[in-house]
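Listed below, chain by chain, are the residues.
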Amino acid sequence: MEEYRRELEVHCYRMLGSLHEAEDLVQETYLKAWRARDGFDHRSSMRTWLYRIATNACLDALKARPRRALPVDLAPGEAEHWLEPIPDSVLDAADPAAALVAKEGVELAFLAALQHLPPRPRAVLILRDVLDWSAAETATLLDMSVPAVNSALQRAKARMPAESRPATAAEHEVARRYADAFQRADIPAMVSLLAEDARASMPPWRIWYQGKNAIEQSLREGRPGLGELRVRCTGANRQPAVVAHVRPPGAAQWQPFAVSVLHVAAGRITDMIAFHDPAVVALFDRSESGRPDGGGASTPADRQGGTGVAERRNGHG
């Protein structure tokens, strides 16, 4: 069963919006499968059987907690339960066939929209549109009729954004330039890479900034006092991302700062989501075998002979 672990984690991540929860639920799935192994009748494949257990575990989990969201998606008074990014290294670390499963349906905007769907239509959309299961297979897994599956799929698709694509090497290069400017506290260089209507948010804070001018003001107020930074460029949710550690003035130890996921269009950054959660930074460090004092993952630009990783320190090359 182990060969299916990574794709099941990605499936549960789509359902739940949290890789930490997804890892726990896949472990629970394997425990349930082991206990029920004598009842596996081989009428379906092992993969389908595991997806059924995992999907039902996700549906049960979704009954017990609020949906995950980004700051811009929270309704007034809604509990803060944040969507989490997933490292591209996790999406890539699968068998070739499973890696195809992790190519689409992971962009943060898509996942945020998914969280607005009720759990069962969410499962239908993922199984049918992302995993390309047939209506009959989906109906069997979810104990629904085929007409009910088709109806749920049409309603769910009407509420979803247009399909996205993985970021290009050129878009990763924009992120590298932004990371380099952030490293050097070069505010004008950072602002020059923003679209006029760019948006920035910083979970777990329930705030966001709309427009280049507002973002510039926040950068001028916050960046100069941070201290020494180390950054590296990577990928998250098939988009450019920057992992940063900070050493505040007078501090001896490096501390996790943020994982920033960037959306780039027409050569400019249109959306920046900086996850200021030490657990998220640790997840990227662990999954990429990165450390604050070096290491880290390569971007598509590295693999295609581009400029590559922005792994820099103040005062050092």
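Residues numbered from 1 in each chain as written. Predicted model: local features only at pLDDT ≥ 70, side-chain atom pairs only at ≥ 80, totals over all residues. Heavy atoms only, no water.

A. Representation of helix H7 (residues 119-130) in the model. Across its 12 residues, H7 extends 15 Å between first and last C-alpha, which sits within 8% of the 16 Å expected from 1.5 Å per residue. With 9 of 12 residues buried, H7 lies mostly within the body of the structure. For H7, every residue scored as buried is listed here: Pro121, Arg122, Ala123, Val124, Leu125, Ile126, Leu127, Arg128 and Val130. Just downstream of H7 lies aspartate 132, where phi reads positive at about 65°. (Helix = DSSP H or I, 4+ residues; strand = E, 2+ residues; numbered from the N terminus. Expected span 1.5 Å × (residues − 1). Buried < 20%, exposed > 50% of the residue type's maximum accessible area, 1.4 Å probe, protein only.)

B. Just the nonpolar core, in detail. If you look at the biggest cluster of nonpolar residues, it comprises 65 residues, and the most contacted ones within it are Leu8, Cys12, Met15, Leu114, Leu125 and Leu142. Top element by residues in this core is helix H3 (residues 46-63). It accounts for 9 residues. Non-local contacts of leucine 8, meaning those with residues more than four positions away in its chain, are made with Val26, Tyr30, Leu50, Tyr51 and Ala54. Residues Ala195, Leu226, Phe257 and Ala274 belong to the second largest nonpolar core, which totals 30 residues. (Core = buried A, V, L, I, M, F, W, Y, C linked by side-chain atoms within 4.5 Å. Contact = heavy atoms within 4.5 Å.)

C. Up close: empty space enclosed by the protein. Evaluation of the coordinates by the stated rule reveals 3 cavities of 30 Å³ or more. One number sums up the size of the largest cavity: a volume of about 60 Å³. Taken together, Lys103, Glu104, Gly105, Val106, Glu107, Ser164, Arg165, Pro166, Asn237, Arg238 and Gln239 make up the lining of the largest cavity. (1 Å grid on protein atoms, 1.4 Å probe; cavity = no way out; pocket = protein on both sides within 12 Å on 5 of 7 lines; lining within 4 Å. Points joined across faces, edges and corners; volume = space filled by probe spheres on them.)

So yeah, pure geometry; function would need other evidence.
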